[in-house]
Amino acid sequence: MSTYSPVSINDPEDFDVAGSGRLPFKRPLRGDARQIPLDANCVDLVVTSPPYWRKRDYKVEGQIGQEPTPELYVAAIGEALAEWKRVLRPSGSVFLNIGDTYQDRSLVGIPSRIERMACEAGWSLRNRIVWVKKGGMPDPARDRLASRHEYVLHLAVNGYFYDLYGYATHDEFGQKGANPGDVWEITPQLQKGKHLAPFPREIAKRAIVLACPKEVCSVCGKPRRRILEATADLDESRPQARRAIELAREKGLTAEHFEAIRATGISDAGKARLVQTGTDKNTERVQQLAKEAKLHLGGYFREFTFAKRRDVGWTSCLCGAEFIPGVVLDPFMGTGTTLDVAYDLGLSSYGVDLKGQTE
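Reference entry: report on the structure contained in this document. Since we're looking at a predicted model, the values are computed, not measured.

Points about the pairing of strand E7 (residues 149-156)
Link 1 in the chain: The element E7 is extensively covered by neighbouring structure, given that six of its eight residues are classed as buried.
Link 2 in the chain: Where strand E3 (residues 88-98) and E7 come together, six bridges link them in antiparallel fashion. The residue of E7 that forms the bridge with Asn97 is Val152.
Link 3 in the chain: Here strand E6 (residues 124-133) pairs with E7 via eight bridges, running antiparallel. Pairing of Leu125 across the sheet is with Leu155, part of E7.

Put into structure tokens, the structure is as follows:
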């Protein structure tokens with residue numbers, strides 16, 4: 001494997017000449033996903049899709065994906081993950097799109113093998129997202145169902161950055177502030193260029209919106225996190241929510257009651273109390289207010305445990321330094337889709353590829 005000289009992120013070219021802070025950059029690099037030519041602790045999120053095992057031969061020496069056994073392929077991905085951990089900041093994480101392969105008329109189980117390997121190496125598997133392919137190529141098989149899904153594994157080590165509110169309220173894929181769930185229905189992109197397996201823009205966008213900070217401290221790398229304020233506001237498009245609001249007004253419930261409901265949680269309602277614990281840890285005052293609210297609201301009590309939250313700004317940093325755009329890395333850059341999406345979102349990005357950027 002070749003040795004590369006690290007590239008520092010403190011390149012003068014990255015600064016706005018007007019002096020108003022650092023501009024987002026997009027920088028393709030030639031290199032190996034197992035030996036990233038970057039300094040340690042300089043990346044906020046890895047979003048990538050490595051070559052799948054024994055699917056396509058890109059005719060490049062040292063490529064991942066053509067190993068003779070699945071064990072060697074998974075080991076190569078493990079080497080890459082170890083290197084990505086090096087370049088990630090403590091608040092960083094990885095979104096890894098991976099598919100499976102048939103061998104001797106049986107699925108090999110590549111995603112599950114990678115999951116096990118990663119967990120044994122100290123990663124936490126935070127989500128196994130199912131990418132449901134709307135459409136897809138015809139499948140000639142006559143004795144099994146056509147494959148119409150792949151996985152996107154979210155792997156983390158530390159207290160990673162995560163903006164579920166920003167994702168859930170996003171115009172393109174949000175669901176009115178609710179947690180949208182781990183199934184993504186995305187149409188595969190058309191293969192217009194020379195690259196055989198283009199990475200869907202929407203996968204990159206979802207991952208970046210979820211887990212890459214818009215800004216980080218230019219000194220310590222700490223991400224700015226969204227500050228959310230609790231409210232008693234409900235989604236009035238739902239009949240149950242409208243009835244809960246009516247009852248709360250009729251009974252004169254106060255802001256203290258709503259705070260007690262949130263502190264107590266849904267575990268104090270109905271059958272949940274029989275199997276969930278922790279509600280009795282609140283003060284007597286909170287417990288009393290929650291009981292009063294439950295008495296007046298009945299089954300509508302739970303509606304206020306899912307009240308909306310309000311976005312009131314972003315955290316600062318004790319360093320007092322300027323903030324710079326978050327940095328996304330795609331170690332298997334291919335056509336550069338991840339870099340393009342990151343740049344469009346106002347973020348910086350690096351892409352690494354053995355061949356450099358392809359068409």
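A look at the packing of aromatic side chains
Link 1 in the chain: Enumeration over the complete set of coordinates arrives at six aromatic pairs.
Link 2 in the chain: Here the aromatic rings of Tyr160 and Tyr162 are separated by 5.6 Å at their centres, their planes lie at 85 degrees, and the arrangement is edge-to-face.
Link 3 in the chain: Residue classification places Tyr160 among the buried residues on the basis of a relative accessible area of 17%.
Link 4 in the chain: Among the aromatic residues, those joined into a ring-pair cluster are Tyr167, Phe173 and Trp184.
Link 5 in the chain: Across the ring face of Tyr343, the terminal group of Lys26 is positioned such that the distance to the ring centre comes to 5.4 Å.
Link 6 in the chain: A cation over an aromatic ring shows up here: Lys133 above the ring of Trp131, its NZ or CZ 5.1 Å from the ring centre.

Brief notes about the packing of helix H1 (residues 70-87) against helix H2 (residues 110-120)
Link 1 in the chain: Their axes nearest at 10 Å, the elements H1 and H2 cross at an angle of 45 degrees. By the angle between their axes, H1 is oblique relative to H2. The two elements H1 and H2 meet at a crossing, and its hand is right-handed. Along the contact surface, H1 presents Pro70, Glu71, Tyr73, Val74, Ile77, Gly78 and Leu81, while H2 presents Ile110, Arg113, Ile114, Met117 and Ala118.

Describing the sheet that holds strand E2 (residues 43-48)
Link 1 in the chain: If you walk across this open sheet you meet the eight strands as E1-E14-E13-E2-E3-E7-E6-E8, and the pairing is mixed. For this open sheet the edge positions go to strand E1 (26-30) and strand E8 (183-186), each flanked by a neighbour on one side alone. The average angle at which neighbouring strand axes cross in this sheet is 20 degrees, direction not considered.
Link 2 in the chain: Bridge analysis of E2 against E3 gives five bridges, and the strand direction is parallel. Bridge pairing in E3 places Val46 opposite Val94.
Link 3 in the chain: Contacts between H2 and the sheet are confined to E3, E6 and E7, with E7 contributing the most and set at about 5 degrees to the helix.
Link 4 in the chain: Here helix H4 (residues 201-211) sits on the sheet in contact with E2, E3, E6, E7, E8 and strand E13 (327-330), set at roughly 145 degrees to E8.

Some points on the pattern of salt bridges
Link 1 in the chain: This model, assessed by the stated rule, comprises 23 salt bridges.
Link 2 in the chain: In this structure, Arg201 and Asp344 form a salt bridge, with 3.0 Å as the shortest nitrogen-oxygen distance. With Arg201 in helix H4 and Asp344 in helix H9 (residues 337-344), this pair connects stretches of sequence that are 143 residues apart.
Link 3 in the chain: For Arg201, a relative accessible area of 38% translates into the label partly exposed.
Link 4 in the chain: Assessed through its relative accessible area of 55%, Asp344 is described here as exposed.
Link 5 in the chain: A salt bridge links Arg310 to Asp233; the nearest nitrogen and oxygen atoms lie 3.9 Å apart. Linking Arg310 in strand E11 (residues 309-314) with Asp233 in the loop between strand E10 (226-230) and helix H5 (239-250), this pair joins segments that are 77 residues apart in sequence.
Link 6 in the chain: Classification of Arg310 by relative accessible area gives partly exposed; the value is 38%.

Calculation criteria
- Residues numbered from 1 in each chain as written.
- Predicted model: local features only at pLDDT ≥ 70, side-chain atom pairs only at ≥ 80, totals over all residues.
- Heavy atoms only, no water.
- Buried < 20%, exposed > 50% of the residue type's maximum accessible area, 1.4 Å probe, protein only.
- Helix = DSSP H or I, 4+ residues; strand = E, 2+ residues; numbered from the N terminus.
- Pairing = 2+ DSSP bridges.
- Phe/Tyr/Trp six-rings, centres within 6.5 Å; stacked < 30°, edge-to-face > 60°.
- Lys NZ or Arg CZ within 6 Å of the ring centre and 35° of its normal.
- Axes fitted to C-alpha atoms, helices over the stretch in contact; angles between N-to-C directions.
- Parallel < 35°, antiparallel > 145°, perpendicular 65-115°, else oblique.
- Left-handed = near helix turned anticlockwise from the far one by under 90°.
- Contact = heavy atoms within 4.5 Å.
- Salt bridge = Lys/Arg side-chain N within 4 Å of Asp/Glu carboxyl O.

Purely geometric numbers; function is a separate question.
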